[in-house]
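Inside the fold
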Amino acid sequence: MGAHISIPMYQRAVPQRYRLAGQRCLNCGRVNFPPKATCKYCFTGSEFEEVTLSGRGIVYSYTIIAGGGAPPEFSDQAHCQGSYPVVLVELEEGPRVIAQLVDPPAEGISIGMPVQAVFRKIYEEEGVIRYGFKFRPV
Ligand SMILES: [Zn+2]
């Protein structure tokens, strides 16, 4: 089954997946993404204001998924492309998020490379196309 996400679970996460909706902790001021019930930075804040993240950030780390290492929902993509890069991006608002990188530069991915989130099809499951964000170099 891998990382199966049911349709209701997916739909509840649509704001963060579609609009990069994060939350600013009213206790410590740091931005949580994805949203949490309790702030993951100060461990006490439980009141938040919603913030829409810019999607701009830098590559903090990355890896290349290949050789059958893809989760089941991405096996078709891995089969078609052979391999694909996944980046850990530090957003300018602070949170670090993992997503695929599209249009990787010919000279290769580098730590610190500026990227921008773009809205893309992620995969299809139960006949529903799941959308979300990936990153591309800027
Ligand atoms: Zn906090």
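For the structure itself, look to the data block above.
Presented here is a report on the structure given in the accompanying data block. Per chain, residue numbering runs from 1 following the sequence as it is written. Residue-level local features of this predicted model are given only where pLDDT is at least 70; pairs of side-chain atoms are given and counted only at 80 or more, and the full residue set underlies all totals for whole chains, interfaces and linings. Just so you know, side-chain values use all the structure's heavy atoms and leave hydrogens and water out.

Details of the coordination of the zinc ion
For clarity, the cut-off: With water omitted from the atoms examined, metal sites may look incomplete; donors here are N, O and S atoms no farther than 2.8 Å from the metal, or 3.2 Å in the case of Na, K and Ca. Metal sites are grouped by the angles between bound donors: all angles between 85 and 135 degrees with four donors is tetrahedral, opposite donors over 155 degrees apart with the others between 65 and 115 is square planar for four donors and octahedral for six, and any other pattern is irregular.
Around the zinc ion, the protein supplies Cys25 (SG), Cys28 (SG), Cys39 (SG) and Cys42 (SG) as donor atoms, at distances of 2.3 to 2.4 Å. Between the 4 donor atoms coordinating the zinc ion, the angles at the centre fall across 106 to 116 degrees, so the site counts as tetrahedral.

Section: the pattern of salt bridges
Rule in force here: The salt bridge definition used is simple: a Lys or Arg side-chain nitrogen within 4 Å of an Asp or Glu carboxyl oxygen. Helix numbers and strand numbers start at the N terminus; a helix is a DSSP run of H or I with at least 4 residues, a strand a run of E with at least 2. With a 1.4 Å probe rolled over the protein chains alone, any residue whose accessible area is under 20% of its type maximum counts as buried; one over 50% counts as exposed, and the rest are partly exposed.
Tallying each qualifying case throughout the model produces 3 salt bridges. Of the charged contacts, one joins Arg24 and Glu49 as a salt bridge, the two residues approaching to 3.4 Å between their closest N and O atoms. Here Glu49 lies in strand β3 (residues 48–52) and Arg24 lies in strand β1 (residues 21–25), a separation of 25 residues in the sequence. You can call Glu49 partly exposed: its relative accessible area is 38%. With a shortest N-O distance of 2.8 Å, Arg96 and Glu90 are connected by a salt bridge.

A closer look at the sheet that holds β3
The criterion, for reference: We call two strands paired when DSSP finds no fewer than two bridges between them.
The strand order across the open sheet formed by 3 strands is β2-β1-β3, and the pairing between neighbours is antiparallel. Every other strand in the sheet has two partners, leaving β2 (31–32) and β3 as the edge strands with one partner each. Bridge count between β1 and β3: 5 bridges; the pairing is antiparallel. Bridge pairing in β3 links Cys25 to Phe48.

A few points about a nonpolar patch on the surface
Here is the rule: Surface patches are defined over residues having more than 30% relative accessible area and no salt bridge, joining like charges when they lie within 9 Å and nonpolar side chains (Val, Leu, Ile, Met, Phe, Trp, Tyr) when within 5 Å. Residue burial considers only the protein chains on display, and all accessible areas are found by Shrake-Rupley using a 1.4 Å probe.
On the surface, Tyr18, Phe119, Ile129 and Tyr131 cluster together into a nonpolar patch covering about 350 Å² of accessible area. The topology assignment puts Tyr18 in helix α2 (residues 14–19). Overall, the relative accessible area of 37% leaves Tyr18 in the partly exposed class.

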